[in-house]
Amino acid sequence: LAMARALQYMDTGVEEVVVFDRTDALRPNLGGGIQVNGGAAVLARLGLGEEILKAGLPVKSVRTRTAQGFELLNIDVQQAVGREPSLLYKGTPMCFTIMRDSLQKLLADSLREGTIQTNKKLVGLTDDEASGGVRLAFDDGTEDVVDMVIGADGIRSAVKKETFPGPGRDPVYANIRIQFGVADGWERAPEYSQELHQWFSEGTYALSGQYLGLEGKPFEMFALVFADDNASEDAENSNWEANEVKQDCLRRLSTSGQPKEVVDLCQRCERFYEIGVFYYPSLNPWTSPSGKRVLIGDAAHAMPPFLGQGANQAIQDAFCLAEKLSELKSGDIATVKDALKAYERQRKLPTSAIQLESRFLGILETAGGGSGTLPSFVRDSFFFMTGKLGVAEKVFVTGATPTV
């Protein structure tokens, strides 16, 4: 949806934009919450600054502690982000928490009527020699021919599989799993309002925070991260119902000694999810040889979520690609293929760097969780020292700063 907004808002010369969505509707109350910072700043450039200010909850700080309560680091987010000009909108630091469905609605409402077509699951695509475009085939039996396909269809991207078949194109399992819980309302003490809390215990890492949903509805969410010794991505609990995830999560919280704040929040949650963490090798191509297909977001560079940059980087991809198409229209870039390659060159290095940092943090944060993980005292010492030296704040701001 951010890609569609960028193409319609910027002077790209693109006459028609269609979003083919495989679901039957854009439903509320699905998924959890995310952090937006660099992505929020870029959306402001796309004319959505006021909407983001209204829909997002400002993040005041990120506080990291051991399960016993010892503080490892405390990042003053408003101060840190406020020092970076590219992360300011009308003097306001752009760092928020927001529920996914709220961000989705914000973007969908910004698009021209008829842009989104639902119930369109892609099952095949081929270059169409007659038109010079790409022919799309959907599972409802319909077809469409378009000039260009932008694959923004996530980590299991159908566009990616059809464009780059063969070995080495599937996402890599990071041997880490995450259990999410979402609760209605805020019950956190006022002095901790708008803080993101990170808790480290033996073999697990927990994150809790407050989020704004549709129409400003308040939510709290937590995520429990743990190492998975299974070599296969097909964990035996991959098809569990929400209550089964909740009970397993409560067991893990108790076993690993996570604090009462997290346990109480888990007890309140009604919506639960469990996912495996995957990433794509950073050197995989994003642009087809024909120059008619290109990948953005998770389809191009899926990364572990430990820097909170997945959505932010996808929004920056959208802006960058639209910008290159604008340069094509103005004559600064010669061909469509050159525009797509220019986009890939600009975005590949920063997303690869963030992906590597996120993978490292995932290993570090689940320390003590079994084979392949570091001792927990190494993790705790690392975060304590990076906090004291200001390195953690620098990593946070560098990851958040737009590179477009």
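Everything below is about the structure shown above.
Owing to the predicted nature of the structure, the values given are computational and were not obtained by experimental measurement. (Residues numbered from 1 in each chain as written. Predicted model: local features only at pLDDT ≥ 70, side-chain atom pairs only at ≥ 80, totals over all residues. Heavy atoms only, no water.)

A. Expanded view of unusual backbone geometry. Within the chain, Lys 90 stands out as a residue other than glycine whose phi angle is a positive 55 degrees. You can see Lys 90 is positioned in the loop between strand E6 (88-89) and strand E7 (92-93). Positive phi, normally seen in glycine, also occurs at Gln 194, with a value near 65 degrees. Looking at the element boundaries, Gln 194 is found in the loop between strand E14 (172-184) and strand E15 (195-201). (Helix = DSSP H or I, 4+ residues; strand = E, 2+ residues; numbered from the N terminus.)

B. View of the environment of Leu 73. For Leu 73, the location among the structural elements is in strand E5 (residues 71-76). The exposure class assigned to Leu 73 is buried, which follows from its relative accessible area of 7%. As for Leu 73 and Gln 117, which are separated by 44 residues in sequence, their C-alpha atoms are 46 Å apart. Setting aside residues no more than four positions away along its own chain, Leu 73 makes contact with Val 62, Arg 63, Thr 64, Phe 383, Thr 386, Gly 387 and Ala 392. (Buried < 20%, exposed > 50% of the residue type's maximum accessible area, 1.4 Å probe, protein only. Contact = heavy atoms within 4.5 Å.)

C. Looking closely at helix H9 (residues 310-330). A rise of 1.5 Å per residue sets the reference length of H9, with its 21 residues, at 30 Å; its end C-alpha atoms lie 31 Å apart and thus fit the reference within 8%. Just downstream of H9 lies Gly 331, where phi reads positive at about 95 degrees. (Expected span 1.5 Å × (residues − 1).)

D. How the structure looks around helix H12 (residues 391-400). Listing the buried residues of H12 in full gives Ala 392, Phe 396, Val 397, Gly 399 and Ala 400. Buried residues of H12 fall within an arc of 165 degrees about the axis and therefore sit on the same side. (Arc of directions from axis to C-beta.)

E. Region of the structure containing the sheet that holds strand E12 (residues 143-146). Spatially, the 3 strands line up as an open sheet ordered E10-E11-E12, and their pairing is antiparallel. Across the chains shown, the open sheet's two edge strands, defined by having one partner strand only, are strand E10 (122-128) and E12. Pairs of neighbouring strands in the sheet enclose a mean axial angle of 20 degrees, with direction left out of account. Two elements, E10 and strand E11 (residues 133-138), share 6 bridges in a ladder whose sense is antiparallel. Paired with Thr 126 across the strands is Arg 135, a residue of E11. (Pairing = 2+ DSSP bridges. Axes fitted to C-alpha atoms, helices over the stretch in contact; angles between N-to-C directions.)

F. Spatial organisation of the state of the cysteines. Summed over the entire model, instances satisfying the criterion amount to 0 disulfides. With no disulfide of its own, Cys 269 has Cys 266 as its nearest cysteine by sulfur position, at a separation of 6.0 Å. Its relative accessible area of 2% is what places Cys 269 among the buried residues. (Disulfide = S-S within 2.5 Å.)

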